[in-house]
Amino acid sequence: MLREHNVVVKKPRGVELRFASCYPNLYRSAMSSLGFHIIYDFLNSREDTYCERVVYPQAKSLETGTRLKHFDLVGFSLQYEEDYIHVLEMLHKGGLAIRKDKRKPDDPLVIAGGPCATSNPLPMSPFVDLFLVGDGEAILPNFLEVFKKLDKPRLELESFLEVKGVYLPDNPVEINLIQDMEQAWKPVHQVIPETDEKRLIPAFGRSFLLEVSRGCTRGCRFCMAGCLYRPRREVPLEELLETAQKTRKSTGLNKVALIGAAVSDHSRIEDLCQQLLEKDFQITLPSLRVESVTDQLLSILKDSGLKTVTLAPESTWNLRRVVNKSLTDEDIFAAVEKIFQHDLNVKLYFMVGLPTETDKDILELVNLIRTLQKKAPRYSSLRVSVNPFIPKPHTPFQWHHFNYKEIKNKISSLNKEFRSRYFKAESPRSSLIQYVLSVGGVEIGVVLERSLQHKLSLPDWQKLSPHWDLESDLPWKNIQVGVSDEFLKSEYYNALKGDFTPWCETFGCQNCGACP
């Protein structure tokens, strides 16, 4: 049984626009997404709009049970490439033609936003009318004003090109981001589920989400978010504390999950956690940077109820140089030991398949993990997750190829080394699919539609695997996210040489192109 608090109730006939905010993944993931909460709260703050939520596998809204075909606007949040097929399923079940060229003039306008829509929307372009490149609350106000002026929006798509951040395939677009976090929307009245069913409980349990910052400029060469959303913008401490207290009052929850691409890079992170603790909040957060692990911060987090600290060393020293992560093994050992001294558990994330990686690197990774396991006071104190590296658009590694056979062999080797319930390796097959969907072009849409009827085999996906090089005409060439191609290429060369690029917030601007 599921009960929800803070659901918005409006009279559908009393508004100009009905907006279906669709999340093409399960309810648990939807309610763990800060972006999903922001869009819902932001749009419903407008008197002219009623935003209702539609969550996979359903194609009717949670608020009124309305099918997608009866809305004015249908918007999808594209957070994960493997959700693309769910979008097609939801369109079909919602009474809409899957392909945009098969829909009627009076059908709802179908749009999509989120990191996948910002980075490379081409695979979804046969099904989605328009894409929002950037932050929703920066784009939607002007977008909705244009929409309201048009008699047949689906027949007048070029009218939306006047709105910064709106992408219509074959047209150039510039990302539209909130420049000052004081302008970012803060969803104080978050919808809170109350349920005993595990499959419905959000990732952070009974907690509300508090956005600490957006963007990251650390310069990890594999990280798409770190390239898309530069520069880093943080919310001032006083505003965070005020928002936390308002959200606690509206939700009735004391537990707060700190959200952001670089939470522990906030200039006042220890002060924030300390003051939240003093105000009787419980605190949780997705992960910490190894550099941010201090006794003071760990003491605060433990006192607030945190039980596990997540770190991402990524790989061995040689490959950390390749990805531009200047952590030494000694830094990692010191951080992990410190966490164990506070009687907290540790979860570690590693990758395989990075550029220049050799069998020797895999052997060194095995030795690194074994050394870390020996430091754990109990087997259950340390959990290790290994994921295949997937090249992403708009990163220095966008030209690197995903070698399925090599990845599979490396994962198989690691699984044999670590036969434990506390060691987990992601499926190479799933990673191959994600790679194809991440860096493919418009032709992938045909494959997605076909896969609705017949599940594609592994050889089918392997045949679709692109081989981009530095001279290739990339599918996402018309999407300008700020970071220049010249900078990405120079970073790719630096990676192959194992050269570090200093963090701009400490050592000065590196001329990536993201800042005005």
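Above this text is the structure in question.
The rules behind the values
Residues numbered from 1 in each chain as written. Predicted model: local features only at pLDDT ≥ 70, side-chain atom pairs only at ≥ 80, totals over all residues. Heavy atoms only, no water. Helix = DSSP H or I, 4+ residues; strand = E, 2+ residues; numbered from the N terminus. Buried < 20%, exposed > 50% of the residue type's maximum accessible area, 1.4 Å probe, protein only. Contact = heavy atoms within 4.5 Å. Areas by Shrake-Rupley, 256 points an atom, 1.4 Å probe, with all protein chains shown as cover. Lys, Arg positive; Asp, Glu negative; His and termini not counted. Charge placed at Lys NZ, Arg CZ, Asp CG, Glu CD. 1 Å grid on protein atoms, 1.4 Å probe; cavity = no way out; pocket = protein on both sides within 12 Å on 5 of 7 lines; lining within 4 Å. Points joined across faces, edges and corners; volume = space filled by probe spheres on them. Nonpolar A, V, L, I, M, F, W, Y, C, P; charged D, E, K, R; others polar. Polar contact = N/O pair within 3.5 Å; in protein donor to acceptor, adjacent residues only side chain to side chain. Pairing = 2+ DSSP bridges. Axes fitted to C-alpha atoms, helices over the stretch in contact; angles between N-to-C directions. Parallel < 35°, antiparallel > 145°, perpendicular 65-115°, else oblique. Left-handed = near helix turned anticlockwise from the far one by under 90°.

Colleague: Tell me about the overall build of the protein, and please be specific about residues and values.
Modeller: Along the backbone of the protein there are 18 helices and 19 strands. In the protein, which comprises 516 residues, the proportion classed as buried is 58%. Once local pairs closer than 6 in sequence are excluded, the contacts in the protein between residues at least 24 apart make up 76%. Carbon and sulfur atoms provide 48% of the accessible area of the protein, an area that totals close to 22,500 Å². Within the protein, the 67 negative side-chain charges are centred at a point lying 6 Å from the centre of the 67 positive side-chain charges.

Colleague: Hey, could you go over the layout of surface pockets for me, with residue numbers and the actual values?
Modeller: Space inside the second largest pocket adds up to approximately 290 Å³. Lining the second largest pocket are 20 residues, and of these Q398, L474, W476, K477 and D485 sit closest to its centre. Among the elements of the structure, β19 (479-480) and α17 (485-497) are those that each provide at least two residues to the lining of the second largest pocket. When residues of the lining of the second largest pocket are assigned to their parent elements, the largest contribution, three residues, is made by α17. Looking at side-chain class alone, the lining of the second largest pocket contains ten nonpolar, six polar and four charged residues.

Colleague: Go over the side chain of S250 with me, naming the residues and quoting the values.
Modeller: By secondary structure assignment, the location of S250 is in helix α7 (residues 237-251). The class for S250 is buried, based on a relative accessible area of 17%. A distance of 3.1 Å separates a polar side-chain atom of S250 from the backbone oxygen of T247. Aside from chain neighbours lying at most four places away, what touches S250 is N6, V188 and H189.

Colleague: Can you lay out the sheet that holds strand β2 (residues 17-23) for me, pointing to particular residues and giving the numbers?
Modeller: With respect to topology, six strands assemble into an open sheet ordered β3-β2-β4-β5-β6-β7, the strand pairing being mixed. Every other strand in the sheet has two partners, leaving β3 (49-55) and β7 (166-167) as the edge strands with one partner each. Against the sheet, helix α5 (residues 136-149) contacts β2, β3, β4 (73-77), β5 (109-113), β6 (130-132) and β7, and its axis sits at roughly 155° relative to β6.

Colleague: Help me get a handle on the environment of V290, residues and values and all.
Modeller: Among the secondary structure elements, V290 is positioned in the loop between β14 (282-284) and α9 (295-303). Its relative accessible area of 8% is what places V290 among the buried residues. With 28 residues separating them in the primary sequence, V290 and N318 have C-alpha atoms 17 Å apart. Those residues in contact with V290 that sit more than four places away from it in its chain are L311, L327, D331, I332 and A335.

Colleague: Describe the environment of R383, naming the residues involved and giving the relevant values.
Modeller: Within the secondary structure, R383 is located in strand β17 (residues 382-388). Filtering out sequence-adjacent residues up to four positions away, R383 remains in contact with V346, K347, L348, R421 and Y422.

Colleague: Can you tell me about the packing of helix α12 (residues 359-375) against helix α13 (residues 404-417), naming the residues and giving the values?
Modeller: α13 packs onto α12 with a crossing angle of 30° between their chain directions and a minimal axis gap of 11 Å. Classified by the angle between their axes, α12 and α13 sit roughly parallel to one another. You can see that α12 and α13 cross each other, and the crossing is right-handed. From α12, I362, L365, V366 and R370 reach across to α13, where they touch K410, L414 and E417. Tallied by class, the residues present in the contact of α12 with α13 amount to four nonpolar, no polar and three charged.

Colleague: Could you give an account of the pairing of β2, with specific residues and numbers?
Modeller: Of all seven residues in β2, seven are buried; the element is thus mostly enclosed. Burial along β2 is two-sided: the face carrying L17, F19, S21 and Y23 and the face carrying R18, A20 and C22 are both buried. Sheet analysis places β2 next to β3, joined by seven bridges and oriented parallel. Directly across from A20, in β3, lies its bridge partner E52.

Colleague: How would you sum up unusual backbone geometry? Please name residues and give values.
Modeller: Here Y56 and P57 are connected by a cis peptide whose omega angle stands at 10°. The residue N6 is not glycine, and still its phi comes out positive at about 75°. In this structure, N6 sits in the loop between β1 (2-5) and β2.

Colleague: How would you explain the packing of α7 against helix α8 (residues 269-278) if you had to name every residue and give the values?
Modeller: Across the interface, α7 lies against α8 with an axial gap of 10 Å and an inter-helix angle of 30°. Here α7 is positioned roughly parallel relative to α8, judged by the angle of their axes. Of the two possible hands of crossing, α7 and α8 adopt the one that is right-handed. Contacts from L237, L240, L241 and A244 in α7 reach D271, L272, Q275 and L276 in α8.

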